Amino acid sequence: MERRLKLIILDGVPWRAWRRLFGNLEGWVESGEARVWRMRARLPSISASCYATIHTGAPPQVHGVTSNETIFRIPMPDVFSQVRAAGGTTGAVAHSFWSAFFNRAPFDPVRDIEYDEPDSPAINHGRFHTMTGYGHANQMTPCDLDLFATLTSLSRRFGLNYGLLHSCTLDSMGHRFGHDCVEMDHACAAADAMLAPFLRMWREAGDEVIVTADHGQSDRGHHGGRGADQQDFALYYFGPAEGPPEDALLDQLQLAPTILTRLGAPVPPGMGAAPFLSA
Ligand SMILES: [Zn+2]
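Residues numbered from 1 in each chain as written. Predicted model: local features only at pLDDT ≥ 70, side-chain atom pairs only at ≥ 80, totals over all residues. Heavy atoms only, no water.

A. Structural context of the sheet that holds strand S8 (residues 232-238). Judged by pairing direction, the sheet is mixed, and its nine strands sit side by side in the order S4-S5-S3-S6-S1-S7-S8-S2-S9 without closing on themselves. If you trace the sheet from one side to the other, it starts and ends with strand S4 (114-116) and strand S9 (249-251), each paired once. Taking each pair of neighbouring strands and ignoring which way they run, the sheet shows an average axis angle of 15 degrees. With five bridges joining them, strand S3 (residues 90-95) and strand S5 (residues 125-129) adopt parallel strand pairing. Bridging across to S5, alanine 92 finds its partner in glycine 126. The sheet strands contacting helix H10 (residues 182-204) are strand S1 (5-10), strand S7 (208-212) and S8, and the helix crosses S7 at an angle near 155 degrees. (Pairing = 2+ DSSP bridges. Helix = DSSP H or I, 4+ residues; strand = E, 2+ residues; numbered from the N terminus. Axes fitted to C-alpha atoms, helices over the stretch in contact; angles between N-to-C directions. Contact = heavy atoms within 4.5 Å.)

So, in structure tokens, the structure goes:
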């Protein structure tokens, strides 16, 4: 596999927060280096359900992840397995749910907190965190800069064709403070500033990059149900592919087949939605 792509998921960031507060991403849209569209999460707009949808291209009604309590090894092809089938190398820096869904479950912290498994049919190079003890007063989230640096390190050392990064910082901040407040203004700006230099590094290394969320969040700091505030988020794309008109509303089911198409990996029959980027 020749191509390289990184998927950066900042958990729980609604459309209007992206477009208002991420000055670096918006600056690259303005300069023409990036394109941005609105994407809508499938229902329920709950984190675990959305992770499963993002990577299988199937809705919760098919993959069966209906809440953050239904965590199991999903017996379906996903982005990791398809990249591996096409000869690519995969990596992930993410919450432990990603390892459980797409590699093995239950998540064993000692066995699974980090692994390098070159022959794995799923995730070759994984670095995970559990956020055990997470709550309103103690977010238990790692620093985003550390996550970005870890993915960059894995990518350089192991030549990742596909690298997933997922951070819960902003989702946790939103649950704690809601979205119409100075704390969230600053948290989004901080994430944007931390991401920007890494994005430049990845682009200079020849990677395509998608930056997006798993779902939105209401001003009261909620998601799971229906509505543009809970379901909609921005998707930024850095790369040479052609995309739809700027006012297109993308379906979360389209993300998995789009990534596979960009990487030249086979799209399995269960991923029925049309890619939104050209091959
Ligand atoms: Zn989430």
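B. Focus on the pairing of strand S2 (residues 35-40). Sheet topology places S2 next to S8; six bridges connect them, and they run antiparallel. When the sheet's bridge partners are listed, tryptophan 37 is paired in S8 with leucine 235. For S2 and S9, the ladder comprises three bridges, and the chain directions are parallel. Its bridge partner lying in S9, arginine 40 is registered against aspartate 251.

C. Representation of the pattern of salt bridges in the model. In total, this model carries 13 salt bridges according to the counting rule given. For aspartate 185, the salt bridge identified is with arginine 20, shortest N-O distance 3.7 Å. Here aspartate 185, found in helix H10, pairs with arginine 20, found in helix H1 (residues 15-21); they are 165 residues apart in sequence, far enough to count as distant. Taking relative accessible area as the criterion, aspartate 185 reaches 26% and is therefore assigned partly exposed. (Salt bridge = Lys/Arg side-chain N within 4 Å of Asp/Glu carboxyl O. Buried < 20%, exposed > 50% of the residue type's maximum accessible area, 1.4 Å probe, protein only.)

D. Broad picture of helix H8 (residues 144-158). Look at H8: 21 Å from first C-alpha to last across 15 residues, which is about the 21 Å you get at 1.5 Å a residue. Taken together, the buried positions of H8 are occupied by Asp144, Leu147, Phe148, Leu151, Thr152, Leu154 and Ser155. One side of H8 holds all its buried residues, which, seen down the axis, span an arc of 160 degrees. Exposed residues pointing more than 90 degrees away from the buried face of H8 are listed as Arg156 and Arg157. Once H8 finishes, glycine 159 follows within two positions and takes phi at roughly 60 degrees, a positive value. (Expected span 1.5 Å × (residues − 1). Arc of directions from axis to C-beta.)

E. Region of the structure containing the packing of aromatic side chains. In the structure shown here, the tally under the stated rule is 16 aromatic pairs. Ring centres of tyrosine 51 and phenylalanine 97 lie 6.5 Å apart, and the angle between their planes is 55 degrees; this geometry places the pair in the tilted category. Here tyrosine 51, found in helix H3 (residues 47-56), pairs with phenylalanine 97, found in helix H6 (residues 96-102); they are 46 residues apart in sequence, far enough to count as distant. For tyrosine 51, a relative accessible area of 2% translates into the label buried. In this structure phenylalanine 97 comes out as buried when scored by relative accessible area, which is 18%. Ring plane angle 50 degrees and centroid distance 5.8 Å describe the contact between phenylalanine 148 and phenylalanine 198, whose orientation is recorded as tilted. One end of the pair, phenylalanine 148, is in helix H8; the other, phenylalanine 198, is in helix H10, with 50 residues separating them in the sequence. Of the residues examined, phenylalanine 148 reaches a relative accessible area of 0% and is grouped as buried. Take phenylalanine 198: its relative accessible area is 9%, and that puts it in the buried class. (Phe/Tyr/Trp six-rings, centres within 6.5 Å; stacked < 30°, edge-to-face > 60°.)

F. Focus on the environment of valine 79. Structurally, valine 79 can be placed in helix H5 (residues 79-85). Taking relative accessible area as the criterion, valine 79 reaches 0% and is therefore assigned buried. Separated by 22 residues in sequence, valine 79 and glycine 57 have C-alpha atoms that sit 8.6 Å apart.

G. Up close: unusual backbone geometry. Residue proline 44 is bonded to the preceding leucine 43 through a cis peptide linkage, with omega at 0 degrees. Turning to its location among the elements, proline 44 is positioned in the loop between S2 and H3. Of note in this structure, methionine 131 is not a glycine but carries a positive phi near 55 degrees. Methionine 131 sits in the buried class, given a relative accessible area of 10%. The backbone of methionine 140 sits at a positive phi, close to 60 degrees, despite the residue not being glycine. Within the secondary structure layout, methionine 140 lies in the loop between S5 and H8.

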